[in-house]
Amino acid sequence: QVQLVEFGGGLVQPGGSLRLSCAASGTIFSINAMGWYRQVPGKQRELVAFITSGGSTNYADSVKGRFTISRDNAKNTLYLQMNNLKVEDTAVYYCYCNVDPPFGTAIDYWGQGTQVTVSS
């Protein structure tokens with residue numbers, strides 16, 4: 001079993017910055033892709049950014065140039081640096097990872113989510 005715990009959410013003003021962290025613990029054999037998703041009530045959960053085990057990244061168009069995703073494989077930790085935050089970024093942010101055990105099929109895991117509120 002793998003557990004994901006997010007840190008760093010909070011309330012910031014437009015134009016401010018936040019840094020989210022996601023720590024993976026438990027029985028970890030190999031983590032493939034990791035990513036951040038966000039969801040607003042009444043809307044679909046959307047992919048914000050993801051990063052492969054090799055460090056390749058992909059971002060939603062709405063956050064390109066403002067957000068940076070990174071990972072520390074030695075610490076099994078995922079980060080999301082969010083700069084120039086907008087009111088539209090307000091959402092619950094969820095950490096995701098795909099774990100590939102030595103035998104069997106890969107398994108998806110999700111964190112509980114952390115609230116990010118951008119408001120003046």
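Only a predicted model underlies this, so the values are computations on that prediction, with no experimental measurement involved.

What about the overall build of the chain?
Argument step 1. When you go through the chain residue by residue, the secondary structure sums to 0 helices and 11 strands.
Argument step 2. Considered along the principal axes of its C-alpha atoms, the chain spans approximately 50 × 25 × 25 Å.
Argument step 3. Across the 120 residues of the chain, 38% fall into the buried class.
Argument step 4. In the chain, the proportion of contacts linking residues at least 24 apart, taken out of those at least 6 apart, comes to 54%.
Argument step 5. Looking at the chain as shown, the accessible area adds up to about 6,400 Å², and 49% of this sits on carbon and sulfur atoms.
Argument step 6. Side chains of the chain give 9 positive and 8 negative charges; the mean places of these two sets differ by 5 Å.

Description of the pattern of salt bridges
Argument step 1. As enumerated under the stated definition, the model contains 4 salt bridges in all.
Argument step 2. The closest approach of N and O atoms between R38 and D89, which form a salt bridge, is 3.0 Å. Within this pair, whereas R38 is found in strand 4 (residues 31-39), its partner D89 is found in the loop between strand 8 (77-82) and strand 9 (91-99), the two being separated by 51 residues in sequence.
Argument step 3. A single salt-bridge network, built from bridges that share partners, covers R38, E46, R66 and D89.

Some details on the sheet that holds strand 8
Argument step 1. Across the sheet, 4 strands lie side by side as 1-3-8-7; this open sheet has antiparallel pairing. Here the strands that pair on one side only, and so sit at the sheet edges, are strand 1 (2-7) and strand 7 (67-72). With direction set aside, neighbouring strand axes in the sheet form an average angle of 15°.
Argument step 2. Relative to strand 8, strand 7 runs antiparallel, the two sharing 6 bridges. What sits directly across from S70, in strand 8, is Y79.

Structural notes on unusual backbone geometry
Argument step 1. The backbone of N76 shows a phi angle near 50°, a positive value even though the residue is not glycine.
Argument step 2. On the secondary structure map, N76 appears in the loop between strand 7 and strand 8.
Argument step 3. Here N76 falls in the partly exposed class, since its relative accessible area comes to 24%.

How each quantity is defined
- Residues numbered from 1 in each chain as written.
- Predicted model: local features only at pLDDT ≥ 70, side-chain atom pairs only at ≥ 80, totals over all residues.
- Heavy atoms only, no water.
- Helix = DSSP H or I, 4+ residues; strand = E, 2+ residues; numbered from the N terminus.
- Buried < 20%, exposed > 50% of the residue type's maximum accessible area, 1.4 Å probe, protein only.
- Contact = heavy atoms within 4.5 Å.
- Areas by Shrake-Rupley, 256 points an atom, 1.4 Å probe, with all protein chains shown as cover.
- Lys, Arg positive; Asp, Glu negative; His and termini not counted.
- Charge placed at Lys NZ, Arg CZ, Asp CG, Glu CD.
- Salt bridge = Lys/Arg side-chain N within 4 Å of Asp/Glu carboxyl O.
- Pairing = 2+ DSSP bridges.
- Axes fitted to C-alpha atoms, helices over the stretch in contact; angles between N-to-C directions.

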